[in-house]
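Examination of the molecular architecture
One-letter residues, chain by chain:
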Amino acid sequence: MRTSTVTAAIAFLATSLTSQPQPVPIAGPWRFSTVDRPDHARTDFSDASWALIRSGSSWERQGFDKLDGHMWYRARVTIPSTLRDEAEIKGAIRLELGMIDDIDQTFLNGALIGLNGTDVPPGTQADTGSLAPIGTKWNTARSYTIPSDDPRIRWDAENVIAIRVYDSGGPGGLWSGDPRFRPLSLSDVLMIGHAEAPFREIDGGFEKTFDLHNRSSSIQIRGSLVIRVVDGMNGSELSRSTRPLLLAPGMTSPVTERLSRPNTSTLIVYQATVDGFERSVVSQDEVPYVLTPLPNDAPRINGPSVVGARPDRPFVFRIPVSGERPMQYKVDGLPKGLAVDQRTGIITGRTPERGVYAIQMHAQNAHGRDERVITLNVGDKLALTPPMGWNSWNVWGLAVDQEKVVASAKMFAQKGLADHGWTYINIDDGWEIRGDDPRPKRHPDGTIVVNEKFPNMKALGDSLHALGLKFGIYSSPGPLTCGGYTASYGYEQHDARSYAAWGIDYLKYDWCTYSRIAKDGSRAELMKPYALMRSKLDAVDRDIVYSLCQYGMGNVWEWGAQVGGDLWRTTGDIIDTWESMSGIGFDQVANAPFAGPGHWNDPDMLVVGWVGWGPRLRPTRLTPDEQYAHISLWCLLSAPLLIGCDLTRLDDFTLNLLTNDEVLVIDQDPLGRQATPKLIKDSIQVWTKPLANGSTAVGVFNLSSTARQVRVDLEEVGLPTSVNFRDVWRQRSAGRFSGTATFDVPRHGVVLLRTIDR
Ligand code: GAL
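This is a predicted model, so every value here is computed, not measured.

Near the ligand, the surroundings consist of W393, D428, D429, Y474, C482, G483, K508, D510, C549, Y551, R569 and D573. Separating an oxygen atom of the ligand from a backbone N or O atom of G483 is a distance of 3.4 Å. For the ligand, an oxygen atom lies 2.9 Å from a polar atom in the side chain of D510. If the ligand stood free it would expose 310 Å²; the protein chains cover 96% of that surface.

Let us now look at the packing of helix α9 (residues 578–585) against helix α10 (residues 624–636). Axis separation between α9 and α10 bottoms out at 11 Å; the angle between their running directions is 20 degrees. With respect to their mutual orientation, α9 and α10 come out roughly parallel. The hand of the α9/α10 crossing is left-handed. Within the contact between the two elements, α9 uses W578, M581, I584 and G585 and α10 uses E626, A629, H630, L633 and W634. Residue composition of the contact of α9 with α10, grouped by class: six nonpolar, two polar and one charged.

Along its sequence, the protein chain is organised into domain 1 (6–184), domain 2 (189–286), domain 3 (316–378), domain 4 (388–661) and domain 5 (676–756). Look at where the C-alpha atoms of domain 3 and domain 4 centre, and you get two points 27 Å apart. Across the domain 3/domain 4 interface, buried area totals approximately 860 Å², and carbon plus sulfur atoms make up 48% of it. It is V316, R318 and P320 that lose the most area in domain 3 upon contact with domain 4, and together they represent 61% of the buried surface on that side. Our enumeration of links across domain 3 and domain 4 arrives at three salt bridges. R318 is the partner of D419 in a salt bridge, and the nearest nitrogen-oxygen pair spans 3.9 Å. Here domain 3 is connected to domain 4 by three residue pairs in polar contact (both at pLDDT 80 or more). At the level of elements, β24 (314–318), β25 (321–322) and β28 (346–350) are the ones that each hand at least two residues to the side of domain 3 that touches domain 4. Grouping the amino acids of the side of domain 3 that touches domain 4 by side-chain chemistry returns four nonpolar, one polar and three charged.

Another aspect to go through is the pattern of salt bridges. Counting across every chain of the model gives 53 salt bridges. When the shortest N-O distance is used, the salt bridge between E96 and R180 registers 2.8 Å. Within this pair, whereas E96 is found in strand β6 (residues 89–101), its partner R180 is found in strand β13 (residues 180–184), the two being separated by 84 residues in sequence. Accessibility expressed as a relative area gives 18% for E96, which makes it buried. Of the charged contacts in the structure, one is a salt bridge between D495 and R442, with a shortest N-O distance of 2.9 Å. Separated by 53 residues along the polypeptide, D495 in helix α7 (residues 492–502) and R442 in the loop between β32 (424–426) and α6 (457–466) bring together distant segments of the chain.

With that settled, consider the environment of E492. Here E492 is to be found in helix α7. Among the residues examined, E492 registers a relative accessible area of 9% and is labelled buried. The spacing of E492 and R534 is 42 residues in sequence and 9.4 Å in space, taken between C-alpha atoms. Residues within four places of E492 in sequence aside, it is in contact with Y509, L532, M533 and K536.

Bringing the pairing of strand β41 (residues 676–681) into the picture now. Here β41 runs beside strand β42 (residues 684–690); their pairing, made up of five bridges, is antiparallel. The residue bridging K681 from the neighbouring strand is I684, located in β42. Hairpin geometry of β41 and β42 is characterised by an intervening segment of two residues between the two adjacent antiparallel strands and by a positive phi of about 50 degrees at D682.

Once that is clear, we can look at the environment of I433. Within the fold, I433 resides in the loop between β32 and α6. The class for I433 is buried, based on a relative accessible area of 2%. For the pair I433 and D119, spaced 314 residues apart in the sequence, the C-alpha separation amounts to 32 Å. If we skip the residues at most four places from it in the chain, I433 touches R439, P440, K441, V449, V450, N451, Y485 and T486.

Rules used throughout
Residues numbered from 1 in each chain as written. Predicted model: local features only at pLDDT ≥ 70, side-chain atom pairs only at ≥ 80, totals over all residues. Heavy atoms only, no water. Near = heavy atom within 4 Å. Polar contact = N/O pair within 3.5 Å; in protein donor to acceptor, adjacent residues only side chain to side chain. Areas by Shrake-Rupley, 256 points an atom, 1.4 Å probe, with all protein chains shown as cover. Axes fitted to C-alpha atoms, helices over the stretch in contact; angles between N-to-C directions. Helix = DSSP H or I, 4+ residues; strand = E, 2+ residues; numbered from the N terminus. Parallel < 35°, antiparallel > 145°, perpendicular 65-115°, else oblique. Left-handed = near helix turned anticlockwise from the far one by under 90°. Contact = heavy atoms within 4.5 Å. Nonpolar A, V, L, I, M, F, W, Y, C, P; charged D, E, K, R; others polar. Domains from an automatic or database assignment. Buried area = accessible area lost by both parts, 1.4 Å probe. Salt bridge = Lys/Arg side-chain N within 4 Å of Asp/Glu carboxyl O. Buried < 20%, exposed > 50% of the residue type's maximum accessible area, 1.4 Å probe, protein only. Pairing = 2+ DSSP bridges.

Here it is, written out as structure tokens:
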């Protein structure tokens, strides 16, 4: 980590001033050029003819539709010397740019100050070649520390920020966050590392060990750390502990805290008070709490009540049943060509001719029995309910390999996820040969070469099917994927045939470098590559669910079904922050009319559990309440549910989030309507979703940063004036309400309900 080395070398000086100078936003206007020239960094360069652009949103979202490669951003800002003179911590200031997709070279007044998240010393020469080999940091916020005496800063005068951005494919640019200069404060020196540390489940409670770190090379930290546990709803203190704080410059010291397991929203507030500083460092955490009662030992058949397939295709379906094993299965009404294994409950064979088949499933164990009719609808549509599965991207990124995929599939079976309807195991990018690898990317006959991390795709497919699971894969209609791996352009038929040979059941097809091929940003050009691949998939002997991924360009929801898409991404990539998740989730409004059985809006994959987009994983940065809000909102939206975490590290909390059948059934409802907001007021949103049986699912969300008591006027949100609600996370009655209903909703949290009579 070069950043911290440079930071540590700066002689920080502490002052005891009480008021910090305000950060200085780089409000722009930001200017944008698609021409790549080194003199764009220069202070005296005139950018007056460049296009205007906003920071905080990819260039694709702003109408620069088909752009990959090297682009430039420029903006001007005055840096007041108060940032230097009146800061709590002197010696440096910080430039924050937010997230940049994929790679940046950042210049201040013509001089390079940062490269892809790493500070560079004065005098460093900028490389004018391709930035592609550096490797993407698309989901990392760029923050550069500049010493106050650095000649690159012009104090109290206009400064020019120029950023050269390289984007390999997909959305590009300064896509999230607000660029600004800010003074340093004690919290830049004293790090309370609780956010990166997991809560470990111990008997009756949790334990958490994290580091306190003094990043300064000159400041002694002496004071105290108070840890308070408070009720997430009313703020009342539940417990408090105080420990001394003594950290020499550069020192790290671990802290372990233990707490009992709560069953409601609970916060931990860390407050470090340091001698010589008036303001303390305060940081907040939330404790995981499980709302859902444990499933019964007796059998319960879960999952969707309708399954779609096409005639005369290979078929695999694992009856999703929770309850103690061993379990015996019996199925009545199976059409000819299909058979069930009575020991595993896995139905296999070939689908019958077109028609609607009511299949009676029975499951029995030592504690009881359950039965349920599942309708097999053999026709043109797959994905009659939103697909549920796991995808490798949010967890492993390009570091995915066969072992990790197999481990995930085993967890579907072992941890019981498959018993609640989780079905697909999908490999995302990274299974092909990289574009810049000298080895052949295709065999002489055109079939794609699989890289060494996936020694045998066919065997992998067989092993997933043997567990009753389905197998998904990823490619791009362009020459390369977004990660720079070989993709399908010109070889669509070859690839569709390979997929069939491996037993693929799901394809995510990601626009990426197709920008280089498309003639323009017209709808016809956007549709073309997707329609082409669909025709190739239709020609092979498999039912392949088709997931379009092009970040919502050209309002894909208006035409995704026309090109044979079963689902389509409506947004850029999600990351595990409240801003990202809520920004995407609560924005899914205009596309609602286009969701329905066989064609779903996809607001991107789930960000709960251990995630990382690469080899190094960490617990999601979403708080427990934000995770409840995330799953609730995605289920209300009828969104495809693709888990993006390490399944070998599922804790009780994450498992409870992913296996509550009363919650999942809202997502899997056969009517397939997408929820819409019925009330948006003062950071409160109420979304409702009509369900097939005539009842309504209701999410009461609190988007503010403090807990709220929310009074909902039932008529205002389109509900009957007298209604019985069930709290579906807790799986118990929430009571009968007339006229209005009042709920306690934690910060960034939700109460998810379902009406149980009309
Ligand atoms: C992005 C896509 C991600 C992931 C990635 C792989 O464009 O949105 O979900 O598939 O490419 O490189």
